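Commentary on secondary and tertiary structure
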Amino acid sequence: INRYLIEIFYSDEDGGNIAAVPELPGVLRLGETDGALVEVRTAIALWLETARAEGPPIPGPAGRPLARS
């Protein structure tokens with residue numbers, strides 16, 4: 001879980017911080033920084049659990065190369 005890149009950025013449109021995991025489609029959470037981080041880690045675990053049981057293939061963590069410049 002801790003090997004996947006988590007991007008946290010502020011969204012004016014949503015009025016809060018968004019924590020997103022680019023390698024795992026659909027894994028993102030909105031909230032205060034700490035809350036969004038905790039929630040996105042839970043979402044990663046659930047995404048991986050579902051993927052193991054039903055697919056899709058689980059991508060390996062790419063890490064920093066995905067980070068925006």
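Residues numbered from 1 in each chain as written. Predicted model: local features only at pLDDT ≥ 70, side-chain atom pairs only at ≥ 80, totals over all residues. Heavy atoms only, no water.

1. Concerning the side chain of Ser11
- Here Ser11 shows up in strand β1 (residues 7–11).
- The class for Ser11 is buried, based on a relative accessible area of 11%.
- A distance of 3.0 Å separates polar atoms of two side chains, one belonging to Ser11 and the other to Asp14.
- If we skip the residues at most four places from it in the chain, Ser11 touches Gly16 and Ile18. (Helix = DSSP H or I, 4+ residues; strand = E, 2+ residues; numbered from the N terminus. Buried < 20%, exposed > 50% of the residue type's maximum accessible area, 1.4 Å probe, protein only. Polar contact = N/O pair within 3.5 Å; in protein donor to acceptor, adjacent residues only side chain to side chain. Contact = heavy atoms within 4.5 Å.)

2. Some remarks on helix α1 (residues 33–54)
- Helix length check: α1, at 22 residues, gives a terminal C-alpha distance of 31 Å against a target of 32 Å (1.5 Å per residue), a fit within 8%.
- Within α1, the full set of buried residues consists of Ala36, Val40, Ala43, Ile44, Trp47, Leu48 and Ala51. For α1, the arc enclosing every buried residue in end-on projection is 135°, short of the 170-degree limit, so these residues lie on one face. Residues Asp34, Val38, Glu49, Arg52 and Ala53 are exposed on α1 and point more than 90 degrees away from its buried face.
- The secondary structure elements touched by the buried residues of α1 are β2 (16–20) and β3 (28–31).
- In the stretch just after α1, Gly55 is the one whose phi turns positive, near 90°. (Expected span 1.5 Å × (residues − 1). Arc of directions from axis to C-beta.)

3. A short note on the environment of Asn17
- With respect to the element layout, Asn17 can be found in strand β2.
- The exposure class assigned to Asn17 is buried, which follows from its relative accessible area of 15%.
- In this structure, the C-alpha to C-alpha distance between Asn17 and Ala36, residues 19 residues apart in sequence, is 7.1 Å.
- With sequence-adjacent residues up to four places away left out, Asn17 is seen in contact with Ile8, Phe9, Tyr10, Arg29, Leu30, Gly31, Glu32, Thr33 and Ala36.
- A distance of 2.9 Å separates the side chain of Asn17 from the side chain of Thr33, its partner in a polar contact.

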